[in-house]
Amino acid sequence: MTINELERIASQVRRDIIRMVHGCQSGHPGGSLGATDIVTALYFDQMQIDSANFRMDGNGEDMFFLSNGHISPMFYSILARRGYFPVKELATFRRLGTRLQGHPTTAEGLPGVRIASGSLGQGLSVAVGAAQAKRLNGDKHLVFVLMGDGEQEEGQIWEAAMYAPAKGVDNLIAIVDYNKKQIDGPTDDVLNLGDLRAKYEAFGWNVLEMSGNNMQAVVNTLKFARENAFQGAPQLILAHTEMGMGVDFMMGTHKWHGSAPNDEQAANALSQLEETLGDY
Amino acid sequence: MDFTIQNNKDTRSGFGEGLLEAGRRNPKVVAFCADLTGSLKMGDFAKEFPERFFQTGIAEANMINMAAGMALSGFVPFTGTFAAFSTGRVYDQIRQSVAYSNKNVKIAASHAGVTLGEDGATHQILEDIGLMKMLPNMTVIVPCDFNQTKNATIAAAEYDGPVYLRFGRPKVPNFTPVDEKFVIGKAQMLQEGTDVTIFACGHLVWKAVQALPILKEMGINAELINIHTIKPLDVEAVLKSVKKTRCVVTAEEHQRNGGLGDSIAQVLATNMPCPMEMVAVNDVFGQSGTPDELLKAYHLDTPDIVEAVKKVVGRKQ
């Protein structure tokens, strides 16, 4: 897929995010907008997947796990746009009886979701387990996991970070959505993450960095990581992103982490995002 | 039931043998252990199936979630550590990624209860049955001896869904039949009787067996049922027995709050209210000591079951 095509999908995903969160007056738009380009590139270009025939076991295809489950609007929009379930179902986000729960779950059987997430710090471990299952099965596909940067404060992340290189789990590509903000404010103020790159490198990861909102850079980096899998070590991509990307008044602040726009704000946001695939 | 003691063995060794057998029967069975391979008796499995054994180091949270991730692809992962670190330490991981996500993970929990002994209360978890049974989708199994633990482990591997399998450290009388098929959710009738029903689980089953002849001498004809599956509870068996005996004693190596007695009381209160006594730990932590000393100190021994039966039979009349 061309960079322009991917960018057009990302624009529609961003519209979906705004409309979903506005529709139910609830959800997490900031991080969703920031991580859109990365996950769009994964699902529409870089991952080998069979979205028309979703299989829980993920055997014979690449697998993706969303560890920071609160950015579910982005995840749901991309799954729907990729064909996992009807796009019109996005209108049910966070409403009673929906398969699109506030945080991703498996209980309602939404195609594309393999495990619940939301309570932070668990996704990297799940991905390591799934990657080891692929090794046991002789399945030469990759496992991807997206984590938040605030989530790096969870101790369990570092249990998994220690385990994966020690056991040579090299079919794993972990991505940190490094927007440097969390609910209470800048990560530097809440709990400074320090030199995240040096920390992962010290644990034995091959670390890449990319501009996570530059589609060309995202595609190039993911492609590079794919090509460098199976070299004995897991890979970590520090994705420098901007929370709220694509909507000017949602950028440069943590205030849109978990707040919904009102009618006027939503209209303003949508005026900044081209409708490329048709709204749901 | 024949109560002849075949030998004295620890239930954790039953798990070790059961895991090995499950691994031989099904190549999808894998095992994780958080630096307690010897204590959990997982060494034979690790030796025979090195590629299917994952040493996680002392990182229980990571272990639970890796098991969930591996279960996705059709594997049947067992996780092994002490009961204390299999439950409280990783409750959120189990809740979100195993129970809520309904993954086929078997949580094998050893050294449960006060019979862990000298290590003291930090390791003697008495709340784990409650923690696990509260989770939707979770099956909770507490076998009573070596043979039953082995057979329960094999049954857990064949069952599709999350299982909490609780067993212990000390050698205890091994009396249930070798290779008896373990049916999850099916209470085990050990002795039929008419005057009182004793529902027991785990190590307390043998303590209750020992109470039977003492009660007989006293003229009390007790029924003894082994509730090896706390959840799903065999409600039919419970009600059928109590309809006949009209009074109940429960016995378990666990807190009253959240344990077997609590589950039985719920069924009886809503279906068939009757006098009931609970032999269990009553809202205190354990301490160091030998297993036998601790069972006596916390009133979890045969004389305590006998006293409870006398009391409840008296309340009935």
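Residues numbered from 1 in each chain as written. Chains lettered and ligands numbered in written order. Predicted model: local features only at pLDDT ≥ 70, side-chain atom pairs only at ≥ 80, totals over all residues. Heavy atoms only, no water.

**Comments concerning the overall build of chain B**
Next, step 1: Secondary structure summary: chain B contains 13 helices and 14 strands in total.
Next, step 2: Structurally, chain B occupies a C-alpha span of about 60 × 35 × 35 Å along its principal axes.
Next, step 3: Counting only residues that meet the buried cut, chain B has 64% of its 317 residues in that class.
Next, step 4: Sequence separation of at least 24 residues holds for 80% of the intrachain contacts in chain B that already meet a minimum separation of 6. (Helix = DSSP H or I, 4+ residues; strand = E, 2+ residues; numbered from the N terminus. Buried < 20%, exposed > 50% of the residue type's maximum accessible area, 1.4 Å probe, protein only. Contact = heavy atoms within 4.5 Å.)

**Thoughts on the overall build of chain A**
Next, step 1: The number of helices and strands found in chain A is nine helices and seven strands.
Next, step 2: What you see for chain A is a C-alpha radius of gyration of 17 Å, in line with the 19 Å of a compact globule of 280 residues.
Next, step 3: Taken along the three principal axes of its C-alpha coordinates, chain A extends 50 × 45 × 35 Å.
Next, step 4: Residues classed as buried in chain A amount to 60% of the 280 residues present.
Next, step 5: Nonlocal contacts in chain A, meaning residues at least 24 apart in sequence, comprise 76% of its contacts between residues at least 6 apart.
Next, step 6: Within the structure as shown, chain A displays about 9,900 Å² of accessible surface, and the carbon and sulfur contribution to it stands at 48%.
Next, step 7: Computed over 23 positive and 33 negative side-chain charges, the inter-centroid distance for chain A is 5 Å. (Rg over C-alpha atoms; globule rule 2.2 N^0.38 Å. Areas by Shrake-Rupley, 256 points an atom, 1.4 Å probe, with all protein chains shown as cover. Lys, Arg positive; Asp, Glu negative; His and termini not counted. Charge placed at Lys NZ, Arg CZ, Asp CG, Glu CD.)

**Some words on the packing of helix α2 (residues 29–46) of chain A against helix α3 (residues 72–81) of chain A**
Residues and elements named next belong to chain A.
Next, step 1: Contact geometry of α2 with α3 gives a least axis separation of 9 Å together with a crossing angle of 30 degrees. The pairing of α2 with α3 is recorded here as roughly parallel in orientation. By crossing handedness, the relation of α2 to α3 is classed as right-handed. Touching Ser 32, Ala 35, Thr 36, Val 39, Thr 40, Tyr 43 and Phe 44 of α2 are Ser 72, Pro 73, Met 74, Phe 75, Ile 78, Leu 79 and Arg 81, all from α3.
Next, step 2: Taken together, the residues of the contact of α2 with α3 sort by class into nine nonpolar, four polar and one charged. (Axes fitted to C-alpha atoms, helices over the stretch in contact; angles between N-to-C directions. Parallel < 35°, antiparallel > 145°, perpendicular 65-115°, else oblique. Left-handed = near helix turned anticlockwise from the far one by under 90°. Nonpolar A, V, L, I, M, F, W, Y, C, P; charged D, E, K, R; others polar.)

**Observations regarding the environment of A:Gly97**
Next, step 1: Checked against the element boundaries, A:Gly97 lands in the loop between α3 and α4 (123–137).
Next, step 2: Considering only alpha carbons, one finds A:Gly97 and A:Glu108, eleven residues apart in sequence, at a separation of 8.8 Å.

**Remarks on the pattern of salt bridges**
Residue and element names in this part refer to chain A.
Next, step 1: On inspection of all chains with the given rule, the structure shows 31 salt bridges over all chains.
Next, step 2: Between Arg 99 and Glu 89 there is a salt bridge, and its shortest N-O distance comes to 2.7 Å. Separated by ten residues along the polypeptide, Arg 99 in the loop between α3 and α4 and Glu 89 in the loop between α3 and α4 bring together distant segments of the chain.
Next, step 3: Each of the salt bridges in this network shares a partner with another, and the network as a whole consists of Arg 15, Arg 19, Glu 275 and Asp 279. (Salt bridge = Lys/Arg side-chain N within 4 Å of Asp/Glu carboxyl O.)

**So, the packing of helix α1 (residues 3–24) of chain A against α2(A)**
Residue and element names in this part refer to chain A.
Next, step 1: Contact geometry for α1 and α2: axes closest at 9 Å, N-to-C directions at 140 degrees. Taken together, the axes of α1 and α2 lie oblique to each other. Crossing of α1 over α2 shows right-handed handedness. Along the contact surface, α1 presents Leu 6, Ile 9, Ala 10, Val 13, Arg 14, Ile 17, Ile 18 and Val 21, while α2 presents Pro 29, Ser 32, Leu 33, Thr 36, Asp 37, Thr 40, Phe 44 and Asp 45.
Next, step 2: Its residues assigned to classes, the contact of α1 with α2 comprises ten nonpolar, three polar and three charged.

**Notes on the environment of B:Ile125**
Residues and elements named next belong to chain B.
Next, step 1: Among the secondary structure elements, Ile 125 is positioned in the loop between β5 (106–110) and α7 (128–133).
Next, step 2: Expressed as a C-alpha distance, the spacing of Ile 125 and Phe 82, which sit 43 residues apart in the sequence, is 8.9 Å.
Next, step 3: With residues near it in sequence (within four places) discarded, Ile 125 still touches Ala 83, Ala 84, Thr 87, Gly 88, Ala 112, Gly 113, Leu 131 and Arg 166.

**Thoughts on the nonpolar core**
Next, step 1: Ranked by internal contacts, the top residues of the largest apolar core, which has 81 residues, are A:Phe65, A:Leu124, A:Leu172, A:Tyr200, A:Trp205, B:Met138 and B:Leu268.
Next, step 2: Examining the composition of this core, we find that nine residues originate from one element, helix α4 (residues 60–72) of chain B, more than from any other.
Next, step 3: Those residues in contact with A:Leu172 that lie beyond four places of it in its chain are A:Leu124, A:Ala127, A:Val128, A:Ala131, A:Val143, A:Val145, A:Ala164, A:Trp205, A:Pro234 and A:Gln235.
Next, step 4: Counting 58 residues, the second-largest nonpolar core is a separate cluster that includes A:Phe44, A:Val218, A:Leu222 and A:Met250. (Core = buried A, V, L, I, M, F, W, Y, C linked by side-chain atoms within 4.5 Å.)

**Describing the environment of B:Glu236**
Next, step 1: Within the secondary structure, B:Glu236 sits in helix α10 (residues 235–245).
Next, step 2: Linking B:Glu236 and B:Ala121, residues 115 residues apart in sequence, is a C-alpha distance of 36 Å.

**A look at the sheet that holds strand β6 (residues 139–141) of chain B**
Residues and elements named next belong to chain B.
Next, step 1: The strand order across the open sheet formed by seven strands is β3-β2-β4-β5-β7-β6-β12, and the pairing between neighbours is mixed. At either margin of the open sheet sits one strand with a lone partner, and together these are β3 (53–55) and β12 (229–231). Adjacent strand axes in the sheet meet at a mean angle of 20 degrees when their direction is disregarded.
Next, step 2: Looking at chain direction, β6 and β12 are connected through two bridges and run antiparallel. Bridge assignment links Val 140 to a residue of β12, and that residue is Lys 231.
Next, step 3: Relative to the sheet, helix α1 (residues 11–25) contacts β2 (29–33), β4 (76–82), β5 and β7 (163–166), its axis offset from that of β2 by approximately 140 degrees. (Pairing = 2+ DSSP bridges.)

**Some details on helix α9 (residues 204–217) of chain B**
All names here are of chain B.
Next, step 1: Helix length check: α9 (14 residues) gives 21 Å between terminal C-alpha atoms against 20 Å at 1.5 Å per residue, within 8%.
Next, step 2: Within the span of α9, buried status applies to Leu 204, Val 205, Trp 206, Lys 207, Ala 208, Val 209, Ala 211, Leu 212 and Leu 215.
Next, step 3: Gly 219, located one to two residues past α9, shows a positive phi value of around 85 degrees. (Expected span 1.5 Å × (residues − 1).)

**Details of the side chain of A:Gln156**
Next, step 1: Tracing the backbone shows A:Gln156 in helix α5 (residues 155–166).
Next, step 2: A polar contact of 2.6 Å, which involves the side chain of A:Gln156, links it to the side chain of B:Asn65.
Next, step 3: If we skip the residues at most four places from it in the chain, A:Gln156 touches A:Gly121, A:Gln122, A:Ser125, B:Ala61, B:Asn62, B:Asn65 and B:Gln93. (Polar contact = N/O pair within 3.5 Å; in protein donor to acceptor, adjacent residues only side chain to side chain.)

**Comments concerning the sheet that holds strand β10 (residues 196–200) of chain B**
Residue and element names in this part refer to chain B.
Next, step 1: Reading across the sheet, the five strands line up as β9-β11-β10-β13-β14 and stay open at both edges, with mixed pairing between neighbours. Only two strands of the sheet have a single neighbouring strand rather than two, namely β9 (188–191) and β14 (276–281). Along the sheet, successive strands turn relative to each other by an average axial angle of 20 degrees, direction set aside.
Next, step 2: Judged from the five bridges that link them, β10 and strand β11 (residues 222–226) form a sheet pairing that is parallel. Considered in β11, the bridge of Ile 198 is made with Leu 224.
Next, step 3: Where α9 meets the sheet, its contacts fall on β9, β10, β11, β13 (248–255) and β14, and the angle it forms with β11 comes to roughly 170 degrees.

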